[in-house]
Amino acid sequence: MRIALILLAFLPGCGEVWNDPYPASERGGNILYSAFEQRPKHLDPVQSYTSDESRFTRQVYEPPLQYHYLKRPYELVPLTAAEIPRGREIDGGKFTVYEVRIRPGIRYQPHPAFIESNFGLPAEKIRDLESPYELSSGTRELVAEDYVYQVKRLAHPRLHSPVLGLMSEYIVGMREYAKALRSAGARDGWLDLRQYPLEGAEVVNRYTYRITLKGRYPQFVYWLAMPFFSPVPWEAEKFFHQPGMAEKNFTLDWWPVGTGPYMLVENNPNARMVLERNPSFRGEAYPAEGEPEDAAAGLLADAGGTMPFVDRVVFSREKEAVPYWSKFLQGYYDEATIGSDQFDQAVRVSIEGAAEPSAEMLEKGIRLSTLVSASTYYFGFNMKDPLVGGSSERARKLRQAISIAVDVEEYLSIFQNGRGVVAHSPIPPGIFGRREGAEGINPVTHVWRDGRAERRPIEEARGLLAEAGYPGGRDPATGAPLLIHFDTATRGPGDKPRLDWWRKQLARLGIQLEVRDTDWNRFQEKIRKGTQQMYGLGWAADYPDAENFLFLLHGPQARADGAGANSSNYGNPKFDALFERMKSMANSPERQKIIDAMVEIARRDAPWVFGFHPKDFSLRHAWLMNAKPNDMAGNTLKYLRLDVDRREALRHEWNAPVLWPLALVLVALASFGVPALRSYRRRERMAARQG
């Protein structure tokens, strides 16, 4: 019995959390914990483009401009620039000049590239390094030349920037510059771009640089808020080109070097990525204004406070949804997205359609944020296809009939947990040019009734199909059901219910849908060659402008005729002429009229079944402050603040070990063990006396 009592005496001292996945040394630290699923491929701003990468790069690199964190619609504000540059037309509008003036006194993060003695390192020294930060580090001031150097890097022959093609259309001399660099030599060594001038990007003085564009391109100012136009110091590129560096993954693609609030200090993309406060960061004031409801939501409580608020950000890789969700509920992740499997547990949708946290989430103080993303998902027709394509009245009415029959509202309810807004045009909410309410509906597919958009009845779709020459969905030449192919990239068994749903939608018209599924590369090849018939794709905005969505239907950018983003290969001379006028205009009532006319043409021609604009849902714990979804700004970590004491208290409460079952087991063992021990000893003594 004494053994059980001794064990029970230890139990009250076991109140520590036993399932904490982080080192004990981090407890109580001003550290934000998050997760990532896909490993980032590129962290060099000349190549990085995806959201999986930007969550890291945008905390490190600073382009001259950024988006206001709180204001909607999205608004550009200066970051390192002293003001937002305005394009100045010269030579009768043949060229536009953007002169960018940056603020003096901005400094880079500490890095060994800024120490001269770290060049010419012996191979054995590099071989023994686990991190470049094991070397002595220095810093220097940001200058205009660093921005020009990065613009030149877009044309670097070994870096393959995804925006080189587009920028070559606009930046003066960029196409010729890329050709010159390809023949410049230094194929394996460092190519010092300072020795190769670029006509369209030049240094004016220490804090000013100039970019010259061909013609008018007012959207270029948005590019100045993207990592592609962040500064890169030539020293960093030269440092990482030392022999032996690439073999250790010591490259700009692995170890970014910037002036932002954070620096990447640990890069293990299979397990963990760590950002740490940049000790050289100048500090930045939290915004003092936003939307009307932001003050009541507590989003202005830190107005004027110096950012960043968090010292360290730890990202752990989570490949599976279940452990990710469990750790969030235990308090080990400060924020989380919501998967389809967790939606019913996390969210309660009212009869009116409003989303709120579930009772379980409210009990834990977890808050819900929603945002209709600046993106669109559509189901396209290949306009080069002899059946569904072309500009004939027959083909147009066939596409219109299918557009009515595909019940996107039902699709959102079944497959998206209602997380989306039905699209009536390519332009998502929050982007200039979009119309709301009765004037914003697609009249081909919907009517406005009782204050909301209502899909036209299937009988109207059948009528259009008959007018197209396919009564009952049958081919009049053969009497057989009309056969349409839907091309898609297979992702797994979970796709089957979606594809079955698609078959049912067209079956309501009597049309037989045949799914042609393949892998992603083969699907992309079909799109490039224009051999698909129907297909589904999505597009997320590079910048908040209608041009960035309407160009998906611009004839000269047809995918099968070149390398454009118009995957439907749609072309309408009136639409294209309006696009050419609209794309170079500033937002104005006149531009709105042109956009309205373009949208009307696209609705009538129906090259797409306008699908939906996804709605993002995210959760955060009560101890995480200042969280507001922003689809344009990627540099959002600096705004977040933690109540660390509250987090520690709730983690302890939610994860305290339940020890009373163990105590009962020990008592039971003692109850059975003590009599057995006494019986054993009694037999031993009897045997001893007999002996």
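Notes on the structure in this doc start here. (Residues numbered from 1 in each chain as written. Predicted model: local features only at pLDDT ≥ 70, side-chain atom pairs only at ≥ 80, totals over all residues. Heavy atoms only, no water.)

## Side note on the packing of aromatic side chains
All chains considered together, the criterion is met by 41 aromatic pairs. Aromatic pair Y98 and F220: ring centres 5.3 Å apart, planes at 50°, arrangement tilted. Residue Y98 is located in strand β5 (residues 95–101), and its partner F220 is located in helix α7 (residues 220–223); the two are separated by 122 residues in the primary sequence. Under the relative-accessibility criterion, Y98 is labelled buried at 5%. Owing to a relative accessible area of 0%, F220 belongs among the buried residues under this scheme. When the ring of Y170 is compared with that of Y217, the centres are 3.8 Å apart and the planes differ by 5°; the resulting orientation is stacked. (Phe/Tyr/Trp six-rings, centres within 6.5 Å; stacked < 30°, edge-to-face > 60°. Helix = DSSP H or I, 4+ residues; strand = E, 2+ residues; numbered from the N terminus. Buried < 20%, exposed > 50% of the residue type's maximum accessible area, 1.4 Å probe, protein only.)

## Structural notes on the packing of helix α12 (residues 393–405) against helix α14 (residues 458–467)
Relative to each other, α12 and α14 sit at 165°, their axes nearing to 8 Å. The orientation of α12 relative to α14 falls into the category roughly antiparallel. Between α12 and α14 the crossing geometry is left-handed. The residues of α14 that touch α12, namely those facing K397, L398, Q400, A401, I404 and A405, are I458, A461, L464, L465 and E467. (Axes fitted to C-alpha atoms, helices over the stretch in contact; angles between N-to-C directions. Parallel < 35°, antiparallel > 145°, perpendicular 65-115°, else oblique. Left-handed = near helix turned anticlockwise from the far one by under 90°. Contact = heavy atoms within 4.5 Å.)

## Points about the environment of I458
Tracing the sequence through the fold places I458 in helix α14. With 93 residues separating them in the primary sequence, I458 and F551 have C-alpha atoms 31 Å apart. If we ignore the near neighbours within four places in the chain, the residues touching I458 are A405, R508 and L509.

## As for the pairing of strand β24 (residues 608–620)
Here strand β13 (residues 335–337) pairs with β24 via three bridges, running antiparallel. Paired with A336 across the two strands is L619, which belongs to β24. Pairing between strand β16 (residues 367–372) and β24: six bridges, direction antiparallel. Considered in β24, the bridge of V372 is made with K615. As paired strands, strand β17 (residues 375–381) and β24 are joined by three bridges and run antiparallel to one another. Bridge pairing in β24 places F379 opposite V609. In this sheet, β24 lies alongside strand β18 (residues 420–422) in antiparallel orientation, the contact comprising three bridges. Across the sheet, residue G420 finds its bridge partner in β24, namely P614. (Pairing = 2+ DSSP bridges.)

## Topic: the sheet that holds β5
Taken in spatial order, the four strands of this open sheet run β4-β5-β7-β6, and their pairing is antiparallel. Both outer strands of the open sheet, β4 (88–90) and β6 (201–205), are each paired with one neighbouring strand and no more. Taking each pair of neighbouring strands and ignoring which way they run, the sheet shows an average axis angle of 30°. One ladder, built from seven bridges, connects β5 with strand β7 (residues 208–214); its direction is antiparallel. Among the inter-strand pairings, Y98 is bridged to a residue of β7, identified as I211.

## So, α12
An α-helix turns once per 3.6 residues; consequently, residues spaced three or four apart project the same way. For α12, spanning 13 residues, the distance from its first C-alpha to its last is 18 Å, which sits close to the expected 18 Å at 1.5 Å a residue. Extensive coverage of α12 is indicated by the burial of eleven of its 13 residues. Considered for burial, the residues of α12 that qualify are A395, R396, K397, L398, R399, Q400, A401, I402, S403, I404 and A405. (Expected span 1.5 Å × (residues − 1).)

In short, geometric facts, not functional conclusions.
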